[in-house]
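Spelled out, the chains give:
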Amino acid sequence: MEKVAGSQEAGGTPSLPPPPPIGQPNVKPERVATPKYSIISRSGVGTTGRRIPLLTNHFKVSVDFQDAVFYQYSVSITSEDNRAVEGKGIGRKLIGRLYQTYSSELAGKRFAYDGEKSLYTVGPLPQNKFEFQVVLEESIAKRGETGSPGGMGSPKETGKRLRRSLQSKTFKVELSYATKIPLRSIALALKGAAEDNNSQDALRVLDIILRQQAADRGCLLVRQSFFHDDSRNFTDIGGGVHGLRGFHSSFRPTQGGLSLNMDVSTTMILKPGPVIDFLIANQNVRESRDIDWLKAKRMLRNLRVKTLHRNTEFKIIGLSEKPCNQQFFPMKVKNGESGNEGQSVEITVLDYFTKHCAIELGYSAYLPCLDVGKPKRPNYLPLELCSLVSLQRYTKALSSMQRASLVEKSRQKPQERIRILTDAMRNYRYDADPVLGECGISIEKQLTQVEGRVLETPKLKVGNSDDCVPRNGRWNFNNKQLLKPVRISSWIVVNFSARCDTSYISRELINCGRNKGIHIERPQTLIEEDAQSRRASPVARVEKMFEQMMAKLPGGPPEFILCVLSEKKNSEIYGPWKKKSLSDFGIFTQCISPTKVNDQYLTNVLLKINSKLGGINSLLAIEHSSRVPLINGTPTLILGMDVSHGSPSRSDIPSIAAVVGSRCWPLISRYRASVRTQSPKVEMIDALYKPLENGSDDGIIRELLVDFFQTSNGRKPTQIIFFRDGVSESQFNQVLNIELDQIIKAYQHLGEVDIPKFTVIVAQKNHHTKLFLAGGPENVPPGTVVDTKIVHPRNYDFYMCAQAGMIGTSRPAHYHVLVDEIGFSPDELQNLIHSLSYVYQRSTTAISIVAPICYAHLAAHQMGQFMKFEDLTETSSGSATSVGSTPIPELPRLHKKVRASMFFC
């Protein structure tokens with residue numbers, strides 16, 4: 001890295017130094033061996049803080065027969081024509097029927113089946129290989145007097161001319177011995193032995209046993225959660241979608257022994273009932289004639305319906321091209337009724353049901369039919385005869401209204417959640433499961449008691465060097481000024497919302513800014529969108545607004561734009577507006593959609609504006625006086641990394657990888673972001689180090705390393721603290737072997753030989769451990785940490801609840817320390833992480849996870865809005881990287897004026 005004089009502030013835009021010339025003796029990254037890292041063990045526990053008694057939703061598990069051995073058998077299912085049969089539903093039915101039919105051949109041995117290709121028993125079956133013929137019978141309706149309708153297939157007659165028959169299908173099920181999994185391996189892992197595949201596999205088998213039990217009760221299974229078909233657990237969140245409450249359950253090895261982690265869980269399902277009611281609710285229209293049938297076709301594809309006239313289940317493959325009263329199909333008629341045997345006549349779906357089924361159709365006569373046949377053999381059903389089957393998952397992204405409704409309706413206070421969990425443990429009687437019984441497993445019915453510690457609240461510094469002491473995880477700027485307020489002299493207001501008085505908003509913002517120490521001049525102009533423009537596309541509306549702006553400001557664009565939108569969330573204007581402002585023009589912008597303009601609202605807006613423009617709202621007191629332990633004396637870069645993926649139902653939308661890096665060392669409150677696209681659903685970030693053909697590095701880490709150097713008085717980081725969000729325990733080694741390896745390569749590419757010391761920490765929010773006060777109804781206090789009893793028996797992890805839980809039940813963050821070369825003591829590391837929950841510049845509350853990770857998440861979300869990936873065919877940005885044969889569209893780079901800013905605030 002080149003030496004530069006002085007420090008570059010947030011708004012500055014230094015150009016990156018050129019890469020070291022290829023050929024220098026010390027710059028041969030491909031030849032420099034990067035060290036290999038392995039996950040460290042716990043070195044001790046923390047001691048600071050006030051001790052408090054807690055409860056947690058872990059239920060202690062006892063294992064009496066530790067010498068028990070699980071035998072795994074591979075399951076192969078083929079149909080009568082020797083085709084492999086896939087699908088969990090039919091697999092579970094067949095294995096259930098197999099047990100009923102051949103129990104004696106299996107020596108009465110009970111088993112657990114994973115729904116796919118593996119079956120587990122305690123102890124061996126009589127043979128290593130079995131081959132069974134299993135017969136499944138299903139009820140079908142048969143025509144009494146006329147031939148079945150050609151092309152229709154399913155809508156058969158009802159009434160006197162319909163009789164029911166059982167149709168049998170025979171399947172071949174093969175069981176083959178695969179391996180043994182000793183239960184004792186769990187006991188060894190609990191004693192602190194390094195976890196091997198056996199202990200992981202044994203835990204997985206125990207989880208499969210619980211899933212088998214839930215499947216036997218007819219539950220919907222979603223990974224480790226199960227959901228009963230009970231309308232009392234349904235919550236209508238709008239759009240034809242229900243939240244369904246169920247339970248998560250998984251066995252976990254802990255310091256206190258094996259435990260069952262049981263928690264309340266929620267999944268989304270489609271509202272069961274008449275298809276027409278669902279479509280009206282889903283599209284938010286008043287009646288059937290307003291339905292968009294193209295949208296309906298996409299929504300209904302692959303859903304399951306049950307017919308009212310036959311009570312038979314079908315899968316939807318599409319819709320008819322014409323309405324029911326105009327859609328013809330060829331129907332075979334009975335010999336002698338008209339013409340030769342097997343002759344077909346063309347008949348409409350409406351006439352068929354009216355004349356041959358004696359069913360009078362109402363509204364659906366004029367609507368498209370559901371097609372439940374095969375691609376080349378359609379099978380039409382009128383809409384009013386079909387109802388959506390219950391327990392069908394909804395995997396599309398929820399709207400902001402649906403999310404808000406779900407959060408509001410699924411909240412549970414701590415005491416209510418405790419009651420629900422303890423009731424579930426009593427009702428489900430896991431101890432009675434025959435397979436668990438063979439292992440001698442018993443599970444306690446009460447929550448586990450554990451000791452927590454409440455860490456001391458970090459003190460903050462605000463304007464005029466005043467002290468600010470948060471109380472219960474909160475503080476405010478009443479009668480206080482921001483620590484380093486900016487001056488805003490060149491700015492405008494643009495209004496995309498007809499209902500807002502921008503003149504009033506700008507006056508109130510100036511007044512509020514004055515009280516917080518921000519000097520704001522009067523805006524140069526207020527631009528209102530004309531009514532005609534509102535009918536144009538979002539991109540066209542943004543373009544028109546910028547044309548108006550440039551016409552009104554001949555001296556050049558402003559430094560800052562306040563943009564008023566009509567929608568608070570998911571505005572179609574937001575993405576195009578941010579792209580135009582930040583990428584094309586390099587203008588800082590703040591979007592608002594005010595419903596109530598008061599001092600608190602304006603203060604929150606000003607916190608964001610001040611951070612974006614290079615100001616500082618507050619600092620930690622120890623940061624302000626340069627006393628952060630282990631960081632103050634040694635140049636330390638803090639990284640926060642996150643990858644956000646599209647909705648589960650879309651596998652074609654690129655994932656967005658974002659990394660933020662601290663700047664202006666020894667501060668730990670200032671960050672810069674770098675954001676890239678990568679292959680859909682890929683979790684490991686692949687652009688940290690990105691060597692190009694010309695020998696330069698276009699990766700994320702180089703950008704952040706150079707920025708650190710230029711803003712930290714020419715100091716290079718000799719320590720790097722790396723926070724990673726969103727990875728599961730099975731991916732921890734990939735974080736070290738792939739991502740950490742890339743970071744080191746990027747550092748070496750800059751000509752450095754001495755590699756920094758690393759501390760690597762994974763933060764998880766998506767887990768199911770909850771903490772409760774043992775002696776009170778409220779949530780645990782902010783700053784609560786637990787690093788004993790329910791933590792991993794060997795690895796270095798702890799739970800921390802930094803935030804104040806005002807409603808619902810607080811979820812602690814679960815931190816896993818994978819590497820710690822810097823050498824933090826447990827107290828030092830826990831207090832640093834706690835402090836990093838108080839440096840989030842957007843709010844005046846402690847946040848639930850460290851600020852660098854939150855910033856990475858914000859940056860990924862905001863830049864992901866630059867491109868509407870749903871509409872992409874090739875790429876919107878004009879460039880793409882290719883993975884296999886699929887081009888991955890690249891995000892536009894930020895303008896040099898805003899590149900180093902906290903634009904994401």
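Throughout this description, residue numbers start from 1 for each chain and increase along the sequence as written. Thresholds applied to this predicted model are a pLDDT of at least 70 for local features of residues and 80 or more for the giving and counting of side-chain atom pairs; totals over whole chains, interfaces and linings are not thresholded and use all residues. With hydrogens and water set aside, each side-chain value is computed from the structure's full complement of heavy atoms.

K.L.:
Explanation requested: the pairing of strand S36 (residues 719–725) in the structure shown.
P.N.:
Note on strand geometry: in a regular strand, side chains alternate between the two faces of the sheet. For each residue, the accessible area found with a 1.4 Å probe, counting protein chains only, is set against the maximum for its type, and the residue is called buried under 20%, exposed over 50%, and partly exposed in between. Helix and strand assignments follow DSSP, with helices taken as H or I runs no shorter than four residues and strands as E runs no shorter than two, numbered in order from the N terminus. With seven of its seven residues buried, S36 lies for the most part within the structure. Neither face of S36 is exposed, since Gln719, Ile721, Phe723 and Asp725 on one face and Ile720, Phe722 and Arg724 on the opposite face are all buried. Only strands joined by at least two bridges in the DSSP assignment are considered to pair. Of the pairings in the sheet, the one linking strand S33 (residues 636–644) to S36 comprises six bridges and is parallel in character. Bridge pairing in S36 links Leu639 to Phe722.

K.L.:
What am I meant to see in the pattern of salt bridges here?
P.N.:
Any two side chains of opposite charge can pair if their charged atoms end up close together. When a carboxyl oxygen of Asp or Glu is within 4 Å of a side-chain nitrogen of Lys or Arg, the pair counts as a salt bridge. Per the stated rule, a full pass over the model turns up 38 salt bridges. Its salt-bridge partner being Glu521, residue Arg487 comes within 3.3 Å of it at the nearest N-O pair. With a gap of 34 residues between them, Arg487 in strand S26 (residues 487–488) and Glu521 in the loop between strand S28 (519–520) and strand S29 (526–528) connect regions that are remote in the sequence. What makes Glu521 partly exposed here is its relative accessible area of 30%. The partner of Glu529 in a salt bridge is Arg541, with the nearest N and O atoms 2.8 Å apart.

K.L.:
Would you mind showing me how to read the packing of helix H15 (residues 700–711) against helix H16 (residues 732–749) here?
P.N.:
Two packed helices can be described by the angle between their axes and the distance between those axes. Between H15 and H16, the least distance of the axes is 9 Å, while the angle of their chain directions is 55°. The angle between H15 and H16 places the two elements in the oblique class. Considering the relative orientation of H15 and H16, their crossing is right-handed. Two secondary-structure elements touch here, H15 through Ile701, Arg702 and Leu705 and H16 through Ile743, Ala746 and Tyr747. Of the residues in the contact of H15 with H16, the class split is five nonpolar, no polar and one charged. Convention adopted: a line fitted to C-alpha atoms gives each axis, helices being fitted over their contacting stretch, and angles between N-to-C directions are expressed from 0 to 180 degrees. The labels follow the angle: roughly parallel below 35 degrees, roughly antiparallel above 145, roughly perpendicular from 65 to 115, and oblique for the rest. In this scheme, a crossing is called left-handed if the near helix is turned counterclockwise away from the far one by less than a right angle; it is called right-handed if the turn is clockwise. Only heavy atoms matter for contacts: two residues are in contact if any of them lie within 4.5 Å across the pair. Only Asp, Glu, Lys and Arg are considered charged, only Ala, Val, Leu, Ile, Met, Phe, Trp, Tyr, Cys and Pro nonpolar, and every remaining residue, Gly among them, polar.

K.L.:
Help me out: how do you make sense of the state of the cysteines in this one?
P.N.:
Between two cysteines, a covalent bond joining their sulfur atoms is known as a disulfide. In this description, the term disulfide denotes a pair of cysteine sulfurs within 2.5 Å. One pass over the full model with this rule turns up zero disulfides. Of all cysteine sulfurs, the one in Cys369 lies closest to Cys386, which takes part in no disulfide; the gap is 9.1 Å. The exposure class assigned to Cys386 is buried, which follows from its relative accessible area of 1%.

K.L.:
When you look at the sheet that holds strand S24 (residues 460–461) in this model, what are you seeing that I'm missing?
P.N.:
The strands making up a sheet associate through hydrogen bonds between their backbones, and the pairing can be parallel or antiparallel. If you trace the three strands from one edge of the open sheet to the other, you get S25-S24-S32, paired in antiparallel fashion. Each edge of the open sheet is held by one strand with a lone partner, namely strand S25 (467–468) and strand S32 (619–620).

Function-wise, these values are silent; they only describe arrangement.
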